[in-house]
Amino acid sequence: MSALSSRLSSLDVGYPASGGGARLVAPAMLLVVAVTGTALAAVIATSLGLLPLVGRPRLSATGFTSLTGDLRRATQESLVTAVGATLLAAAMGMMIATIALHTGRAGRLLIGVSAAVLTVPHLVGATAAGLLLSDVGLAQRWLGVPVTAWPELVGGRWPWATGFELAWKESAFVALVVVASVGGRYPQLREVAAVLGARQRSQWRRVLLPLAAPALASSSLIAFVYALGSYEVARLLGRAFPEPLPVMAYRLFTDIDVASRPQAAATAVVATGLALVAALGALPLLRRLGAER
Amino acid sequence: MRRTARRVHHTVVPALVLFWLLVPLSPLVLWAVASRWSGPARLPQDLGLHGWQEALDAGVLTALVRSGLLGLAVALIATPLGALAGRAFGWRLLRRPALPSIVLLAPVVLAPFAVAMGLDVVILRLGVPGEVAVVLVLSVFALPYTTFTMRATYLALDPALEEQARVLGASSRQARRRVTLPAATTGLVTAAGLAFLVGWSDYAVTLLIGGGQIVTAPMLIGSSAGGSGNDSLTSTLAVSASLPPLVALGVFTVAASSRRTASYS
């Protein structure tokens, strides 16, 4: 027994020595780099006229310049939808997480329901939101508002229904990430704060919020870039013009005029650039909050 | 006064949040069992399962099986790759983890439709089957979830356990298979579940690369919701695509909690 324990103590029983990790991450990295690298190179080349469906490749920025006005409007539409949906998702997600962390059985129920919402495909959520918010939808029927007086929530001037669906599903995601990240540490810290005389509101503001901030910020960033790139929700619930970037890209991509392909690719490049800029812009904040841990 | 405020805090607010989470799904449930529901009636005038018969006629079962296979294929690729990478991150086996972290998180930032659009041009030229391309693209989008779920799992596992098994005579493979993997089961199942959901729920990638030829459950929902005007059929398709993952989540939750109870007793 003593021989065994001396042998054990002579081993490094902490983290295994560094190195060898490269072999473990290599397959996943290879797949990501091969697929996304090929795809993004092809999208950029197509947007610049270097990968035409028919004809000879010719370097040109026509894909971008011929669409300037539409691209601006689509970018605006995408940003309005994504910003609105993210703010609502973050607020509701934080509220769900707060209640889940403060209440026993009701909290567990909320976590279970949030996990269930996460399994529902966005397309299903969009279908449900349409049936709930349209001018002959469930909300209009239950509230007894005349059809003519019902606001244009689906396909109207503002992307209410699209934002609502994205916020609904992403709020469940934000809540689960926040609970998973602070769940273990919060009860003890809260107890200490309570013993030191902190009231409920102060416990939330001074203990839970700083503890949850990294998870809240990183999950909100994920929700934002998801909303920017989401196609099906805006396709079902948004207006025909101006469309957000993914819907516009798909319309141009499936146009019978093959000359629309560079325009579709240019739209995809703008959407990707926007998401990358958002992620890079949020990195300093995430780093300051310690979200990389 | 204070008691009223407390009651609002403990009952009304949780109820409102539950309302926020559940109410959006209520039209689907009602429409799925309605055979006649014309406005402005608040509830269906006639209940029935016409929508289900129409869904069966539309090929919902085949579409669900196809979605299941797609989810399974994505999980089979993304889970082991994510587990390997998660082991390297969680047990700090990388000298410079920043670049691999950025690469493996990158798919979260990229729009699936943009990747699918770019790859579509390439696979047309190379003659790669659409199904293979869809599985590869979706596996890439599942990898951040599997990798970082497994990173958290390995962070919570003590690597000393594996070392001790080796001291007791196990080969490194036996130690991984008999000690580490059983301890990481919950993380592995969660990672596989998330990867499965990426494949099961996808619409944009299947539509763009498959060009409408790969008919999964979301494709049926999309085409019905987009222009059929048949709310009963659309809702039935939506409910049938939501039920299998919900049932799986329920089974997983019960199994995990009974496992926890068994380990405490």
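These numbers were taken from a predicted model, which means no experiment stands behind them.

S.K.: Would you explain the overall build of chain B in this entry?
M.R.: Tallying secondary structure elements over chain B gives 13 helices and two strands in all. On C-alpha atoms alone, chain B measures out to a radius of gyration of 23 Å, which is more than a quarter above the 18 Å that the 2.2 N^0.38 rule sets for 265 residues. Taken over 265 residues, chain B has a buried fraction of 46%. Restricting the contact set of chain B to residue pairs at least 6 apart, pairs at least 24 apart contribute 74%.

S.K.: I would appreciate a short explanation of the overall build of chain A in the present structure.
M.R.: In terms of helices and strands, chain A carries 13 helices and zero strands. Here chain A has a C-alpha radius of gyration of 24 Å; the compact-globule value for 293 residues is 19 Å, and the former is much larger. Its C-alpha atoms give chain A principal-axis dimensions of about 80 × 60 × 30 Å. With 293 residues in all, chain A has 47% of them scored as buried.

S.K.: Where do I start with unusual backbone geometry in this structure?
M.R.: Glycine aside, a negative phi is what most residues show, and trans is what most peptide bonds show. Cis geometry is found at the peptide bond from Phe241 of chain A to Pro242 of chain A, where omega equals -10°. Along the chain, Pro242 of chain A falls in the loop between helix 11 (232-237) and helix 12 (245-253). Even without being glycine, Arg92 of chain B reaches a positive phi, approximately 50°.

S.K.: Mind showing me how you'd approach the nonpolar core here?
M.R.: Generally speaking, soluble globular proteins have nonpolar side chains that are buried together. The biggest cluster of nonpolar side chains holds 166 residues, and the ones touching the most others in it are Val178 and Ala249 of chain A together with Val74, Phe113, Met117, Val137 and Ala195 of chain B. Setting aside residues up to four positions removed in sequence, Phe113 of chain B forms contacts with Gly229, Tyr231, Pro246, Ala249, Tyr250 and Ala268 of chain A together with Ala204 and Leu208 of chain B.

S.K.: I keep staring at the interface of chain B and chain A and nothing clicks. Help me out?
M.R.: In many analyses, interface size is given as the accessible surface area lost on bringing the parts together. On the side of chain A, 80 residues touch chain B, which itself brings 77 residues to the contact. At ten residues, helix 13 (residues 231-264) of chain B tops the list of elements feeding residues into the side of chain B that touches chain A. For the side of chain B that touches chain A, the per-class residue count stands at 56 nonpolar, 15 polar and six charged.

S.K.: I keep staring at helix 6 (residues 112-126) of chain B and nothing clicks. Help me out?
M.R.: An α-helix turns once every 3.6 residues. As a result, residues three or four positions apart point the same way. For helix 6 of chain B, which comprises 15 residues, the first-to-last C-alpha distance of 21 Å matches the rise-based estimate of 21 Å (1.5 Å per residue) to within 8%. Counted residue by residue, helix 6 of chain B has eleven buried out of 15 residues, so it is predominantly covered. Buried residues belonging to helix 6 of chain B abut helix 2 (21-47), helix 10 (200-229), helix 12 and helix 13 (260-289) of chain A together with helix 7 (130-156) and helix 11 (204-210) of chain B. Looking one or two residues past helix 6 of chain B, Gly127 of chain B carries a phi angle of roughly 75°, positive in sign.

S.K.: Could you clarify how one ought to interpret the environment of Thr180 of chain B in this entry?
M.R.: Residue and element names in this part refer to chain B. Secondary-structure assignment places Thr180 in helix 9 (residues 172-183). Sequence spacing of Thr180 and Phe252 is 72 residues, and the spatial spacing of their C-alpha atoms is 20 Å. When near neighbours in sequence (up to four residues on either side) are disregarded, Thr180 contacts Leu157, Leu161, Glu162 and Ala175.

S.K.: Looking at this structure, I do not really get the packing of helix 5 (residues 105-119) of chain A against helix 8 (residues 160-182) of chain A. What am I missing?
M.R.: In a packed pair of helices, the relevant descriptors are the angle between the two axes and the axis-to-axis distance. All names here are of chain A. As a packed pair, helix 5 and helix 8 sit with axes 8 Å apart at the nearest point and diverge in direction by 130°. One way to sum up the angle between helix 5 and helix 8 is to call them oblique. Crossing hand, helix 5 versus helix 8: left-handed. Along its contact with helix 5, which presents Ile111, Ser114, Ala115, Val117 and Leu118, the element helix 8 presents Lys169, Ala172, Phe173, Ala175, Leu176 and Val179. In terms of residue class, the contact of helix 5 with helix 8 is made up of nine nonpolar, one polar and one charged.

S.K.: What is the right way to read the confidence of the model for chain B from this model?
M.R.: Any residue range with low pLDDT should be treated as having predicted coordinates unsuitable for detailed reading. Confidence in the prediction of chain B, expressed as mean pLDDT, is 91, and 96% of residues score 70 or more. Across chain B, the element-wise mean pLDDT spans from 82 in helix 1 (residues 2-22) of chain B up to 97 in helix 4 (residues 60-90) of chain B.

S.K.: Please explain the packing of helix 7 of chain B against helix 10 (residues 185-201) of chain B as it appears in this structure.
M.R.: All names here are of chain B. Following both chains from N to C, one finds helix 7 and helix 10 inclined at 160°, their axes separated by 9 Å at the closest point. On the basis of their axis angle, the class for helix 7 and helix 10 is roughly antiparallel. With respect to the hand of their crossing, helix 7 and helix 10 are arranged in right-handed fashion. Within the contact between the two elements, helix 7 uses Leu138, Phe141, Ala142, Tyr145, Thr146, Thr149, Met150 and Thr153 and helix 10 uses Gly187, Thr190, Ala191, Leu194, Ala195, Val198 and Gly199. Its residues assigned to classes, the contact of helix 7 with helix 10 shows nine nonpolar, six polar and no charged.

S.K.: How do you make sense of the environment of Gly71 of chain B when you look at a structure like this?
M.R.: By the secondary structure assignment, Gly71 of chain B is in helix 4. Once you skip the residues sitting within four places of it in the chain, Gly71 of chain B turns out to touch Phe196, Leu197, Gly199 and Trp200 of chain B.

S.K.: Please clarify how the confidence of the model for chain A should be interpreted in this entry.
M.R.: All names here are of chain A. Mean pLDDT over chain A stands at 89; residues scoring 70 or higher make up 92%. Of all secondary-structure elements in chain A, the lowest mean pLDDT belongs to helix 1 (residues 2-10), at 40, while helix 6 (residues 122-133) reaches the highest, 96. Confidence drops under pLDDT 50 across residues 1-17; counting only partners more than four residues distant or on other chains, this segment forms 15 contacts.

The rules behind the values
- Residues numbered from 1 in each chain as written.
- Chains lettered and ligands numbered in written order.
- Predicted model: local features only at pLDDT ≥ 70, side-chain atom pairs only at ≥ 80, totals over all residues.
- Helix = DSSP H or I, 4+ residues; strand = E, 2+ residues; numbered from the N terminus.
- Rg over C-alpha atoms; globule rule 2.2 N^0.38 Å.
- Buried ≥ 20, exposed ≤ 12 C-beta atoms within 10 Å, placed from the backbone.
- Contact = placed C-beta atoms within 7 Å.
- Core = buried A, V, L, I, M, F, W, Y, C linked by C-beta atoms within 7 Å.
- Nonpolar A, V, L, I, M, F, W, Y, C, P; charged D, E, K, R; others polar.
- Expected span 1.5 Å × (residues − 1).
- Axes fitted to C-alpha atoms, helices over the stretch in contact; angles between N-to-C directions.
- Parallel < 35°, antiparallel > 145°, perpendicular 65-115°, else oblique.
- Left-handed = near helix turned anticlockwise from the far one by under 90°.
- pLDDT = per-residue confidence, 0-100.

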